[in-house]
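So you can see what is in the structure, the chains are spelled out below.
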Amino acid sequence: MGEITPEDLERLCWLSRLRLSQEEKEEFLGQLNKILDYFRRIEEVDVEHVPPTYHVVDLTNVLREDEVEEPRPDEVLELAPRRKGRYILAPRII
Amino acid sequence: MTPKTAIDARDELAGGASVEEYVLSLLERIRERDRTINSFITVCEASAIEAAKALDRKRGRGEKLGPLFGIPVAVKDNICTIGIRTTCGSRMLENFVPPYDATVIKRIKEADAIVIGKTNMDEFAMGSSTENSYFGPTRNPLDPTRVPGGSSGGSAAAVAGGFAPLALGADTGGSIRCPASFCSIVGLKPTYGAVSRYGLISYANSLEQIGPMASNVDDCELLFNVIRGYDPRDNTSLPQGRIEAKEGKLRIGVPKEFFMEGVQEAVGVHVRKFLDKMSGVFEIGEISLPSLAYALPAYYIIAMSEASSNLARYDGIRYGLRGEDGGDWNETYCNNRGIGFGREVKRRIILGTFALSAGYRNRYYIRAQKIRTLIREDLGRAFKEFDLIAGPTMPVLPFKIGEKLDPLEIYMCDIETVPANLAGTPAISIPCGMANGLPVGLQLMAPPFGEGLLFRAGRIIEELA
C-alpha cells in the first residue's frame, strides 16, 4: 500500500475541488504513489539547520496611486459563461 | 524576401521591403505546413495583416521604427493577448479572450513587432513534450514522428518550421530550453525578475519566467532586450542588473552531476566531445555540485504545490468552462474543474494539495524549499570559481510521439534544466550538433543577470557547432 490510499485520494479531490472519473481514480492511484516514492529521495539530505528558500526575490509590496486605468467592465463580464443582464449567474446557494 | 535571421528581416523591412507581403508569405507557409506540425492553436491572420499594413504606412510617413520592425512573433498561448483567445492549451480556457495585453506583448508591439499567432503547449505548461495539449500534440519540424519538447513546443516548432523568426515561450522547469534543444534553436530562460510576468497565466509563480526563442543567439538577444525590464505591475520584477566577466577566456565549470542520472549515452558522449572542442576557446574545469542530485524531486514538489494554489482560481463561474450545474457551489466547482482540466493538470493539483496538507507539509514542501537553499548555495559557490556552468540541456534525444507514457518518466527529462529555475539564475540552450541524426543542445547557466555572458559565450559556441 502506498502513502496515498483510495480514501486519501477522495479527500484530496474534495480539497482540490476536482471530480475524477472512476477510470482516472484507478489510473492515478498507482502513478501518484510512484511519484511520491521518488519524491522521498529528498529525505536522504540533512537539512536540519538549512533555512527554506520560498522565493529567490525579496518580495515587497508595490503600491501605486489609486487611479482608474482603462476600465473594461463589459469585456470582463462577457467572459462569464452564464449571465443575466449585468450579473453573473451562480449556482443556487439555498 | 527570404531573410536568414530576424535581424536581416527587420533591416530589409525597415529599408523598404513590404511588411504586408512578408507577413502574407509566412501565413501561406503556415497554411501549407502547420496542418502537420500543429505549432499554432490560433493563427492571427486578420490582425497580423492589419498590423503589417499599419507598419508599412508608418514607414511611409518617415517615422522612427522600432527594433523589431515588421517582425512576426509566435507567442506561447499562456501569455495574454488582448482580443486574441488565450487557451493555455486547456479546455478550461478554450474560449478565454483576455481583456488586456501582458506587459511583454505591450513591449513587443511598441517595438513594432507583430503577433502572428498563439502557439501550442502542454496544458498549463505542465509537460516536456507538448503532448498534453487539449488541442493535440505538436510535431517536431525536424522529424514529425518525434516530439518538439515542451512545454513551449509550439513556439520552438514555429521558429524551427520557418513560420516566425522569433517566438516567446515561458520556462518553469525547462519549458523554453527543452523544446529549443529538441528543435535545434536557441532559447533563453532569463534571470527570475528580469522579465515581467504580468499577463502570464501562472503555473508555479516562484519559478517561471517568460523568455525569447530564435534560430540564433543574436536574434534571441534582440528579443530579450525588448521584453526585459522592471514593471510596476509585477512585484517580482527587478531593476535590471548586468554582470560582466573580466577580459580574456571565459571560465566554464562542468558539474559531473549533469552527466549522471538518466543521461543517454549518445547525449553524454556527444556533449563531452563538444566540450573538448570548446576547451581551446574557453577555460573548462570539472566540478561537483552534490545538491543537484536532489533538484528534480525538490522542483516537482514546489511546482506542484504552487500549481495547486495558482489553479484554484478556475471555477468556471467568472470565466472558463462551465458544465452542467448540479447541486451546490462546491459540486459545481468540482464538476467544472473535472471536465475542464486534463489528466496531468489534475495529477499535479492533487499532489500539490497533498504536499501542502497538514501532516505532510514539513516532510515534502518545506524540505523541498530547504533543498532549494542548498542548490542556490552550491551554484553560488560554483560561480565564484567559474563565469558559466555547462552541460547537456536534455538528458535524452527527442523521442517519438506517444513513446513516454509514464508521468515520472517524462518528469525525468527536466533533470538538467530545473536547477536554474530553483535558483532563479539565467540559462540558455544552444544547438551543439547532432547525435544519431537528432539535435543536441548545450545548456549554459550564468549568475543572476549574467545574460550578457550567455550571449557572448553562445555566439562562440554557434561558430564551433
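Keep in mind that what you see is a predicted model, and the values were worked out from it rather than measured.

Definitions and limits used
- Residues numbered from 1 in each chain as written.
- Chains lettered and ligands numbered in written order.
- Predicted model: local features only at pLDDT ≥ 70, side-chain atom pairs only at ≥ 80, totals over all residues.
- Heavy atoms only, no water.
- Helix = DSSP H or I, 4+ residues; strand = E, 2+ residues; numbered from the N terminus.
- Buried < 20%, exposed > 50% of the residue type's maximum accessible area, 1.4 Å probe, protein only.
- Contact = heavy atoms within 4.5 Å.
- Polar contact = N/O pair within 3.5 Å; in protein donor to acceptor, adjacent residues only side chain to side chain.
- Lys, Arg positive; Asp, Glu negative; His and termini not counted.
- Salt bridge = Lys/Arg side-chain N within 4 Å of Asp/Glu carboxyl O.
- Expected span 1.5 Å × (residues − 1).
- pLDDT = per-residue confidence, 0-100.

1. Considering the environment of Arg 139 of chain B
Residues and elements named next belong to chain B.
- Locating Arg 139 in the fold gives a position in the loop between β3 (114–119) and α5 (153–160).
- Classification of Arg 139 as partly exposed rests on a relative accessible area of 31%.
- For Arg 139 and Pro 239, which are 100 residues apart along the polypeptide, the C-alpha to C-alpha distance reads 38 Å.
- Among all residues touching Arg 139, those that are not within four sequence positions of it are Thr 36, Ile 37, Pro 144, Thr 145, Arg 146, Pro 148, Ala 157 and Ile 401.
- There is a polar contact of 2.7 Å between the side chain of Arg 139 and the backbone oxygen of Pro 144.

2. Quick look at the side chain of Asp 231 of chain B
All names here are of chain B.
- Along the polypeptide, Asp 231 turns up in the loop between α7 (217–227) and β7 (251–255).
- The charged side chain of Asp 231 is buried without a salt bridge, its nearest counter-charge being Arg 233 at 5.0 Å.
- Of the polar contacts made by the side chain of Asp 231, one reaches the side chain of Ser 196; its length is 2.6 Å.
- Not counting chain neighbours up to four residues away, the residues in contact with Asp 231 comprise Thr 103, Ser 196, Tyr 198 and Ser 237.

3. A look at the environment of Phe 386 of chain B
Residues and elements named next belong to chain B.
- Checked against the element boundaries, Phe 386 lands in the loop between α12 (362–385) and β9 (388–392).
- Between the C-alpha atoms of Phe 386 and Glu 283, which are 103 residues apart in sequence, the distance is 9.0 Å.
- Apart from residues no more than four positions distant in its own chain, Phe 386 is found in contact with Arg 251, Ile 252, Gly 253, Gly 285 and Ile 287.

4. Re the pattern of salt bridges
- Within this structure, the stated rule accounts for 36 salt bridges over all chains.
- One salt bridge in this structure joins Glu 43 of chain A and Arg 363 of chain B, with 2.7 Å as the shortest N-O distance. You can see Glu 43 of chain A sitting in the loop between α2 (22–39) and α3 (73–78) and its partner Arg 363 of chain B sitting in helix α12, one on each of two chains.
- On the basis of relative accessibility, which here comes to 36%, the residue Glu 43 of chain A falls in the partly exposed class.
- Overall, Arg 363 of chain B belongs to the partly exposed group, its relative accessible area being 32%.
- The salt bridge partner of Glu 221 of chain B is Arg 459 of chain B, with a shortest N-O separation of 2.8 Å. In this pair, Glu 221 of chain B sits in helix α7 while Arg 459 of chain B sits in helix α15 (residues 451–464), placing the two residues 238 residues apart along the sequence.
- On the basis of relative accessible area, Arg 459 of chain B is assigned to the partly exposed category, the value being 29%.

5. What to know about helix α11 (residues 343–356) of chain B
- Here α11 of chain B contains 14 residues, and its C-alpha end-to-end distance of 20 Å stays within 8% of the 20 Å for a straight helix at 1.5 Å per residue.
- Taken across its 14 residues, α11 of chain B has 12 buried, putting it largely inside the fold.
- Along α11 of chain B, the residues classified as buried are Glu 344, Val 345, Lys 346, Arg 347, Arg 348, Ile 349, Ile 350, Leu 351, Gly 352, Thr 353, Phe 354 and Ala 355 of chain B.
- Contacts made by the buried residues of α11 of chain B are with α1 (6–15) and α2 of chain A together with α9 (295–310), α10 (329–340), α12 and α13 (407–411) of chain B.

6. Observations concerning the confidence of the model for chain B
- In the predicted model, chain B carries a mean pLDDT of 96, and 100% of its residues have values of at least 70.
- In the predicted complex, the global pTM is 0.97; the interface-specific ipTM is 0.95.

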